[in-house]
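Survey of secondary and tertiary structure
Below, each chain spelled out in residue letters.
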Amino acid sequence: MDEKGGRGVGINSYALVSYLSGPLARYLDGLREHLSPGCIARAHITVLPPRPIRGTAEDAWNVLSEQLQDFSPIPIELGDVEVFRQSQVIYVAVKAGHKALEEMHHTLNSGPVAFTEPFPYHPHITLAQELLVETVPAATETAKRMLADCTAQRSFVLDKLTFVQNTLDNRWMDLAALELTAQGIRR
């Protein structure tokens, strides 16, 4: 551990995410902060959930970049607030783009980043997690009300992916990013 208590010290836990941007991202970040005060995670869709990798992060990123050559930007439309019953995670469902994200996940979950995940992949945007079980119903209702009040457009194009690494103090660091285009990827 370094002098800062582990801040910035990477561990073997990586993910591939697509951060939201603009008014929708700001609104969802505020909603997440309301439900989980102190939460610093940015609104995102996870394509590859957290996992250990084999080899170096650079090698894993090179393989992912090569595999992503075959993918185009994905139109996304968000659905309603829901809850994963097993984990009690409150999230916004991905309505349009769900199947394309599942296909991307299936393709990328191989090679140095292959991992048997504890739950089936389900594209979503997390709003709250690790809440006390008895607070989940009220938090879910609050999230539904707040999302209904959102005036930001709830559709966007997922066209940028970021490879991230977790740290000893559970803060995610961006390692590399690329943009999906109709002609391939742009770094």
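Heads up: the structure comes first, above all this text.
The structure presented is a predicted model; accordingly, all values stated were derived computationally and were not measured.

**Concerning the pairing of strand 1 (residues 10-19)**
Summarising the sheet, strand 1 and strand 7 (residues 160-167) pair through five bridges and their orientation is antiparallel. Bridging across to strand 7, glycine 10 finds its partner in threonine 167.

**Some remarks on the sheet that holds strand 3 (residues 74-84)**
What links the strands of a sheet is backbone hydrogen bonding, and the strands pair in either a parallel or an antiparallel sense. Strand order across the open sheet formed by four strands is 5-4-3-6, with antiparallel pairing between neighbours. Because the sheet does not close on itself, it has two edges, and the strands there are strand 5 (124-128) and strand 6 (155-158). Sheet twist, expressed as the average angle between the axes of neighbouring strands with direction ignored, equals 40 degrees. As paired elements, strand 3 and strand 6 share four bridges and run antiparallel to each other. Counted as the bridge partner of proline 75 is valine 157 from strand 6. The sheet contacts of helix 1 (residues 22-35) involve strand 3, strand 4 (89-96), strand 5 and strand 6, and relative to strand 5 the element is tilted by about 35 degrees.

**Structural notes on the packing of helix 1 against helix 4 (residues 136-148)**
With their axes 11 Å apart at the nearest point, helix 1 and helix 4 run at an angle of 155 degrees to one another. Considering their axes alone, helix 1 and helix 4 lie roughly antiparallel with respect to each other. Handedness of the helix 1/helix 4 crossing: right-handed. Along the contact surface, helix 1 presents Tyr27, Leu28, Leu31, His34 and Leu35, while helix 4 presents Ala139, Thr142, Ala143, Met146 and Leu147. Partitioned by chemical class, the residues of the contact of helix 1 with helix 4 number eight nonpolar, two polar and no charged.

What counts, and where the lines are drawn
- Residues numbered from 1 in each chain as written.
- Predicted model: local features only at pLDDT ≥ 70, side-chain atom pairs only at ≥ 80, totals over all residues.
- Heavy atoms only, no water.
- Pairing = 2+ DSSP bridges.
- Helix = DSSP H or I, 4+ residues; strand = E, 2+ residues; numbered from the N terminus.
- Axes fitted to C-alpha atoms, helices over the stretch in contact; angles between N-to-C directions.
- Contact = heavy atoms within 4.5 Å.
- Parallel < 35°, antiparallel > 145°, perpendicular 65-115°, else oblique.
- Left-handed = near helix turned anticlockwise from the far one by under 90°.
- Nonpolar A, V, L, I, M, F, W, Y, C, P; charged D, E, K, R; others polar.

Geometric descriptors of this kind do not, in isolation, establish any biological role.
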